[in-house]
Every structure is written in structure tokens, then in C-alpha cells.
Amino acid sequence: IRSSAAPTPGLLYLAPNNRIPTPPFAPSLMVVGNDGKVITSKVLKQYAYDFHTLPDGRLGYTLNTPNTPETPGSSVIHITDTTLKTLDSIPLAPRDYSLAMDGFVVLPNGNRLIISHENITLDMRAIAGEGAHPAAIVQQSILQEIDIDGQVLFQWKSLDHIPLTASYEDLKAPFIRYFHINSIDIDSDDNILISARNASLVAKIHRSTGKVLWILGGKLNQLDRKSTRLNSSHVSESRMPSS
């Protein structure tokens, strides 16, 4: 075991999680100092995700309701002060989309960048071939930038930009989480970075137009491993049919 006598200054923000049938510890949030001592903590009714600091010094985390084929899982974003007292919450995504647990960003101007899910019924036979479901539930990911009043300033849907065939999921299944954004952030040029688990990729998205600027990894990889050249021929900007 390596130890450091002089760790970098700062606090640790912990939200231990557990998915076994009989968890050995209760859901909680903890802020811990470099000496290992708990500065503040809070016991929750369910396990939290994405516990982190916000630009204005407040803290934030999400609580989740799991996905089902009938209903996309929906989360609640909680914003707290440094004592973990809840100051604000986002219980729903705009336009009745289901708010995801996987990540959110509060921008310096107070706007929020959030991930949502939408379930769409699609005939997958033309895409996945024989044995595919004629009325599969396909879950796409949605990015939205909203202001403090909940007004949508920017929206990006994965099916408008990334084809279903980019997924590593079983496209013949009755329920397909084909893309599933797991994390988001704002890059130094003010555009959006995402990682998508089920397509095994990282992508940059233009914050105004929604255009996919580049893709790293997965079936649509555009970055040459030797020269890091961009090959834009793999990205589809066509809109996918929905019903």
C-alpha cells in the first residue's frame, strides 16, 4: 500500500453505492478531508449518483428510479449547500423526458446541462434483419441545456445523429438501450463532450448546432490512431424514423 504524507489539498466527495440484495451499509453522502475524517455526511433513503461540486460552491447529486421496458427510469437532481441541506431540485426533464441519473453539469451562468431518456417504438426488422422485433422499444439519449426556470435552450437527440447500428447491444431484442450517455462535460472550447456506454464511444457535440464534431472509439471511430486525423465519413447526420 502506498501512502502520501502530503496529498494534494482538497476534499473527497463520496457517495458509496451497493447493488447486492442485502447491502452492508446504508445509502449516504460523505465529505471527507485528507486526514480521512468525515467533515459532513447525510444518510439517504436510496443510493446516490454523480455527487460533485458545482461552480458556485454548492454540491449536487442524483437519485434514480430504474429503467424498465415499459417506462424509462427517471431521476431527481438535488442541489445542496456545503452542509448537504437541499436547496433546489430538478424532478423532471422538460418536455416529459425521463431524467437520467448518469450525470449533470451546472454551468457558471446557472444553466443546467442534463441527460434524459426517451423510449420510442421502432420496427427493427429493416435495420437488424430476420428475427428482429417489429415493435421494439428503443431508448435514445437526449441532451438538454435548460435555464433556471426550466426553459430548453438547446436539445440534442442521439437518434438524429448516431445510427442504431453504432450500438453493441442486441438489436433484435424487444428492449434496446442502444446509446446510453453515461457522462457529459463542457470542453475548453465551450462545446459538449459525452461518453456513450452502449456504443463504446466518446464524442464532441457542437453546443449551438448539435453537429457531431468528432467520435473516438466504437464502430464510428473517426480518429486515426497513428496520426489522429479526423475521418468524417463515418458520422450519420440523418434523422432516424420514429413512431
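Residues numbered from 1 in each chain as written. Predicted model: local features only at pLDDT ≥ 70, side-chain atom pairs only at ≥ 80, totals over all residues. Heavy atoms only, no water.

Looking only at helices and strands, the protein chain features 1 helix and 16 strands. Split into buried and exposed, the 243 residues of the protein chain put 44% on the buried side. Accessible area of the protein chain: about 13000 Å², with a carbon and sulfur share of 52%. (Helix = DSSP H or I, 4+ residues; strand = E, 2+ residues; numbered from the N terminus. Buried < 20%, exposed > 50% of the residue type's maximum accessible area, 1.4 Å probe, protein only. Areas by Shrake-Rupley, 256 points an atom, 1.4 Å probe, with all protein chains shown as cover.)

With that out of the way, let us pick up the sheet that holds strand β13 (residues 181–186). Here we have 4 strands laid out as an open sheet, ordered β13-β14-β15-β16, and antiparallel in their pairing. Strands at the two margins of the open sheet, each flanked by one partner only, are β13 and β16 (212–216). Averaged over all pairs of adjacent strands, the angle between strand axes in this sheet comes to 20°, irrespective of strand direction. Examined bridge by bridge, strand β15 (residues 201–205) and β16 share 4 bridges and lie antiparallel to one another. Bridging across to β16, Lys 204 finds its partner in Trp 214. (Pairing = 2+ DSSP bridges. Axes fitted to C-alpha atoms, helices over the stretch in contact; angles between N-to-C directions.)

Within a sheet, adjacent strands bond to each other through the backbone by hydrogen bonds, running parallel or antiparallel. Spatially, the 4 strands line up as an open sheet ordered β4-β5-β6-β7, and their pairing is antiparallel. Whereas interior strands pair on both sides, the edge strands pair on one side only; in this sheet they are β4 (48–53) and β7 (86–90). Averaged over all adjacent pairs, the angle separating strand axes in this sheet is 20°, with direction ignored. Two strands pair when backbone bridges link them, and strand β6 (residues 75–80) and β7 are joined in this way by 4 bridges, in the antiparallel orientation. Within β7, the position partnered with Thr 80 by the bridge is Thr 86.

What follows concerns the packing of aromatic side chains. Inspection of every chain in the model, using the stated rule, returns 5 aromatic pairs. Judged by centre distance (6.4 Å) and plane angle (85°), the rings of Phe 51 and Tyr 61 are edge-to-face. On the criterion of sequence distance, the pair formed by Phe 51 in strand β4 and Tyr 61 in strand β5 (residues 59–64) is long-range, its members being 10 residues apart. Like Phe 51, the residue Tyr 61 is buried in the burial classification. Above the plane of the ring of Tyr 168 lies Lys 219, whose end atom (NZ or CZ) is 4.9 Å from the centre. (Phe/Tyr/Trp six-rings, centres within 6.5 Å; stacked < 30°, edge-to-face > 60°. Lys NZ or Arg CZ within 6 Å of the ring centre and 35° of its normal.)

By the criterion of burial, strand β8 (residues 98–106) is predominantly enclosed, with 9 of the 9 residues buried. Summarising the sheet, β8 and strand β9 (residues 112–122) pair through 5 bridges and their orientation is antiparallel. Bridging across to β9, Val 106 finds its partner in Arg 112. Linking β8 to β9, which pair antiparallel, is a turn of 5 residues; within it Gly 110 sits at a positive phi near 95°.

Below, the discussion takes up the pairing of strand β3 (residues 38–43). Pairing of strand β2 (residues 28–32) with β3 involves 5 bridges; the strand directions are antiparallel. Residue pairing across strands places Leu 29 opposite Lys 42, the latter belonging to β3. The antiparallel pairing of β2 with β3 creates a hairpin that spans 5 residues between the two strands, and Gly 36 there sits at a positive phi of about 85°.

Next up on the list: the pattern of salt bridges. Tallying each qualifying case throughout the model produces 8 salt bridges. The partner of Asp 88 in a salt bridge is Arg 112, with the nearest N and O atoms 3.0 Å apart. One end of the pair, Asp 88, is in strand β7; the other, Arg 112, is in strand β9, with 24 residues separating them in the sequence. Take Asp 88: its relative accessible area is 27%, and that puts it in the partly exposed class. A salt bridge links Asp 123 to Arg 125; the nearest nitrogen and oxygen atoms lie 2.8 Å apart. Relative accessible area serves as the criterion here: at 48%, Arg 125 is assigned to the partly exposed category. The network of salt bridges with shared partners includes Glu 145, Asp 190 and Arg 207. (Salt bridge = Lys/Arg side-chain N within 4 Å of Asp/Glu carboxyl O.)

On their own, these measurements won't tell you what the molecule is for.
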